[in-house]
Each structure stands twice: as C-alpha cells, then as structure tokens.
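Summary of the model geometry
Below, each chain spelled out in residue letters.
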Amino acid sequence: MKIAQIAPLAERCPPRLYGGTERIVSYLTEELVRLGHDVTLFASGDSRTKAKLVPCCDMALRLNPSVRDPLPYHMLMLEQVRRCADEFDVLHFHIDLMHYPLAASLGRMVTTLHGRLDLPDLPPFYAAFPRYPLVSISDSQRRPLAFANWAATVHHGLPEDLLPFSANPKEGYLAFLGRISPEKRPDRAIEIAARAGMKLKIAAKIDKADEAYWDGTIRPMLASHPNVEFVGEINEHDKATFLGEASALLFPIDWPEPFGLVMIEAMACGTPVIAFRNGSVPEVIDERVSGFIVSNVDEAAAAARRVDLIDRAEVRAAFEERFTAERMARDYLDVYRGLEGGLPGVMRPPARVGNGIDLEAMA
C-alpha cells in the first residue's frame, strides 16, 4: 500500500527527548516500511526515517527558539498533503483535528487521536464530522466520545529490540519517567518512595506551563527528601539504562491517561509497573504479571515493597506478546484495508450535543 503518515511538528520523528506521539508515528512508519509498504512521512525536516520524508519545517518546533506559533507550520504541511493526496491509498493523520476542514477533499483517511478526549469542546466538533473514521489508543480513551465513528482501538507498540531486557538490575531504585505536571503526580511518586523506604529517580521534562507546579510543589519536596534524585529530561539511549536498572516504574497518574507509553517501555526492559487505576492502566497492565494496579499511595508503597515477587522475564514476555511495533502495524493495516472501498459510514442525522450547538447547518 501507499501510505502517508502525517505527524505533529512539535518533535522530530523519533524525538530526541520527550515526545510520545511523534515516537509512535516513527515506530509505525518504520515497521510499515519493514513490512514492504510504500510510506511517506510528513514531519519535521530533522526526522530520521527509512520512508520518504516530506520536510514540513526545518527542525522540531519545540526545540526551535525562533518559533513563536506552531500553527502556520501545520497549515503549510496540510497544504503539502492536499496537493499530493491522490497519490496515496490512505492518509493517516496524527494531528488531532486540524485537517478536518480539508477532509472532504482528501479521499481515504483515518485519524488516530493521541490525547485526552474528556474535554467539553470536543463533542460538538466530532458530532459535526461523523463520517470520518477515528482510531483510539485505548478503549478507555474513547468513552467521552462514544458516539464517534470509531474504526478500531490500536494499542501502541515498540520495536522489539529497542529496549534490552534487564534481568537483574544492580541499583534497584524506583523510577518516575515523564513530565513534571499535576496530572502525572510526581508528588505521589516522592511520597510512595518515602513510605516504601526506597530510592527514587525522576527523569522528566518541565514545560513552561508546569513551572509553577515545579517551583511550588516538586522542588521543595526534592529538597526535603534526600532519597529522591532528579535526573532531568533524558534521551532514548539513557532511557534503556534508566528503566532497565529500576526495580519498578511508578505511574501514579491522576487523570484519564489515553495510553501511557512509558508503561510498555518499562515492560520491554522487564521492569514491573506500579500504576494507579486511571484511564488505560487496566488495559495495559496485567495484575501481578507485568505489575500492580493500585488506588492510593499506601497501596503503591506496599506494592513497591513486594515488587520482587514479579518475574521480570514474564514482564518482558507480556510486552512481546501484546505491545510490539509489528503487532501495532498489522493492526493498522487491518484498519487501512477497511477503508479501501472509500470512507466508511455515512453522514448521520444532525444532533444537538455538548453545548447545545445546532449542527444542522454545519453537517
């Protein structure tokens, strides 16, 4: 098949540092190429790929100090996609809803939604475009938009050889990897480690939007907890060691996590995951096989103290069975083949949803 992958431009594919969506787009693109498909990647110009790259900006926008507004770059990318849309069997978008005004002229397309969907502005929008197929990254993610035209749920996957299995970590600390933000709850991770009497390493980026949370909550906690080390933002090479040398990954989220890529990254290393029961967690973690699902800090601390009961080889086996890039790519190929006869579904009758917007004129 001739497949176009349209990625966000905030990070390159794959990202140098943090960036979940662009990382998954990269893994999917490279696996589709390996499986023999003709793939074109629309992404930042510093991306690395075996597919044909259409550079839509010079470098990842987040790391470019001269960029003030990312929207013009995405609009220019969409114009490039529009001009050559007829060359592809399917267009696969990963940029949320920016391309929808062009959708009627783009032919066969599908959109994977990578973010949270429990926001009040979204139901009116997706009700206005009911014919265009969507892919969720967990069943939990799609619940706020149950009426939408869901083609499938496709869980994320990683290249099988990306992160090596670590059978006997030498350091044995608890790990937190992600963003410093209120919904990721690194404060919980610090409290869990203190109650369990274990060392904690935090590898995370700090966005400008979260600097107040960092300064007001996390920095003071680091100063008062000598068992906690803040590592900062790490790259892919450092991630293998960081996760592989950990006794467990803490995933103490306080929001409806759409997927949680770091959970399967830890599993690839054989590292068990201690995760709070929110969002996708019950779909990803097999209780007492790949980790523990908990409801509060006390349960998490207790799980950390008995994490040695988890067989790290079984954690790795669970990853290989459920979360490889090849499985992900084959699942997406099934979705693409379902589009071959044209756009699935028909326009449904207009409805009043969300804020009560009358969609009859919009449909």
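Residues numbered from 1 in each chain as written. Predicted model: local features only at pLDDT ≥ 70, side-chain atom pairs only at ≥ 80, totals over all residues. Heavy atoms only, no water.

Here's the deal with the overall build of the protein
Basically, it comes down to this: Comment: elements are numbered from the N terminus, with helices defined as DSSP H or I runs of at least four residues and strands as E runs of at least two. Computation of the radius of gyration draws on C-alpha atoms alone. For the globule rule, the value is 2.2 Å times the number of residues to the power 0.38. Contact between two residues is taken to exist if any of their heavy atoms lie within 4.5 Å; hydrogens are not considered. Throughout, the Shrake-Rupley method with a 1.4 Å probe supplies accessible areas, and for residues the shown protein chains are the sole cover considered. We score Asp and Glu as negative and Lys and Arg as positive, and we do not count His or the chain ends. To locate a charge, the coordinates of NZ of Lys, CZ of Arg, CG of Asp or CD of Glu are taken.
Broken down by element type, the protein carries eleven helices and 15 strands. For 363 residues, the compact-globule estimate of 2.2 N^0.38 gives 21 Å, and the C-alpha radius of gyration of the protein, at 21 Å, lies within 12% of that figure. When its C-alpha atoms are laid out on the principal axes, the protein stretches across 60 × 45 × 40 Å. The contacts in the protein between residues at least 6 apart in sequence include a share of 67% that link residues at least 24 apart. Of the accessible surface of the protein, which amounts to about 15,300 Å², a share of 50% is contributed by carbon and sulfur atoms. Here the protein contributes 41 positive and 50 negative side-chain charges, whose respective centroids are spaced 1 Å apart.

Quick look at the confidence of the model for the protein
Test applied: Looking at any residue, its pLDDT shows the predictor's confidence there, from 0 to 100.
Summary statistics for the protein give a mean pLDDT of 92 and a share of 93% for residues scoring 70 or more. A low-confidence stretch, residues 342–363 (pLDDT under 50), is modelled with 40 contacts involving residues beyond four sequence positions or located in other chains.

Considerations on helix H5 (residues 211–224)
Convention followed: By this rule the span expected of a helix is its residue count minus one, scaled by 1.5 Å. The angle separating two fitted axes, one through the seven residues that finish at a residue and one through the seven that start at it, defines the bend at that residue. Buried means the residue's accessible area, taken with a 1.4 Å probe over protein chains only, is under 20% of the maximum for its type, while exposed means over 50%, and partly exposed covers the values in between.
The end-to-end C-alpha distance of H5 is 19 Å, a good match for the 20 Å that 14 residues give at a rise of 1.5 Å each. The sharpest bend along H5 reaches about 35° and sits at Ile 218, with the proline Pro 220 one to four residues further on. Within H5 the residues assigned to the buried category are Tyr 213, Trp 214, Ile 218, Met 221 and Leu 222. Those residues of H5 hidden inside the fold are in contact with helix H4 (186–196), strand E9 (200–205) and strand E10 (228–230).

Examining unusual backbone geometry
The step from Cys 13 to Pro 14 runs through a cis peptide bond, and the omega angle for that step is -10°. Along the chain, the position of Pro 14 falls in the loop between strand E1 (2–6) and helix H1 (20–34). One non-glycine residue with positive phi stands out, namely Asp 96, at about 60°. Positionally, Asp 96 belongs in the loop between strand E4 (90–93) and strand E5 (109–112). One non-glycine residue with positive phi stands out, namely Arg 185, at about 55°. Counting through the fold element by element, Arg 185 comes out in the loop between strand E8 (173–179) and H4.

With respect to the pairing of E8
As a reminder, the rule being used: Any two strands with at least two DSSP bridges between them are considered paired. Looking down the strands as they point away from the viewer, one classifies a crossover as right-handed if the path from the first strand across the helix to the second runs clockwise.
Summarising burial for E8: seven of the seven residues are buried, a large majority. Inspection of the sheet shows E8 paired to strand E11 (residues 246–251) by three bridges, in the parallel sense. Directly across from Tyr 173, in E11, lies its bridge partner Ala 246. Note that the unit made of E8, H4 and E9 has a crossover that is right-handed.

Some details on the pattern of salt bridges
Convention followed: Here, a salt bridge means any Lys or Arg side-chain nitrogen found within 4 Å of an Asp or Glu carboxyl oxygen.
Tallied over the entire structure, the rule returns 28 salt bridges. One salt bridge in this structure joins Glu 191 and Arg 195, with 2.3 Å as the shortest N-O distance. In this pair, Glu 191 and Arg 195 both sit in helix H4, four residues apart, roughly one turn of the helix. Note on Arg 195: relative accessible area 42%, which makes it partly exposed. One salt bridge connects Lys 239 with Glu 265, and the closest N-O pair in it is separated by 2.9 Å. Here Lys 239, found in helix H6 (residues 236–244), pairs with Glu 265, found in helix H7 (residues 261–268); they are 26 residues apart in sequence, far enough to count as distant. In terms of burial, Lys 239 and Glu 265 fall into one category: buried. Beyond isolated ion pairs, a larger network of salt bridges with shared partners links Arg 23, Glu 236, Lys 239 and Glu 265.

Looking at the environment of Glu 31
In this structure, Glu 31 sits in helix H1. Judged by its relative accessible area of 10%, Glu 31 falls in the buried class. Residues Glu 31 and Val 281, 250 residues apart in the sequence, show an inter-C-alpha distance of 25 Å. Sequence-distant contacts of Glu 31, that is, excluding residues within four places in its chain, are made with Ala 325, Glu 326 and Ala 329.

Some remarks on the nonpolar core
This is how it is decided: In these notes, a set of buried Ala, Val, Leu, Ile, Met, Phe, Trp, Tyr and Cys residues joined through side-chain atoms within 4.5 Å is what counts as a nonpolar core.
Core analysis: the largest hydrophobic core is formed by 85 residues, its most contacted members being Leu 200, Ile 202, Met 267, Val 273, Ile 274 and Tyr 336. Top contributing element to this core by residue count: H7, with seven residues. Excluding its chain neighbours within four sequence positions, the residues that come into contact with Leu 200 are Leu 174, Ala 175, Phe 176, Ala 189, Ile 190, Ala 193, Asn 227, Val 228, Glu 229 and Leu 250. With 31 residues, the next largest nonpolar core counts Phe 42, Val 54, Leu 117 and Tyr 126 among its residues.

Comments concerning the packing of aromatic side chains
Note the threshold: Two aromatic rings, drawn from Phe, Tyr or Trp (for Trp, its six-membered ring), form a pair once their centres lie within 6.5 Å of each other, and the interplanar angle then sorts them: stacked below 30 degrees, edge-to-face above 60, tilted otherwise.
Scanning all chains against the criterion turns up twelve aromatic pairs. Ring geometry for Tyr 100 versus Tyr 126: centroids 5.9 Å apart, planes at 90°, classification edge-to-face. Separated by 26 residues along the polypeptide, Tyr 100 in the loop between E4 and E5 and Tyr 126 in helix H3 (residues 122–128) bring together distant segments of the chain. The same class applies to Tyr 100 as to Tyr 126, namely buried. Ring plane angle 25° and centroid distance 6.3 Å describe the contact between Tyr 332 and Tyr 336, whose orientation is recorded as stacked.

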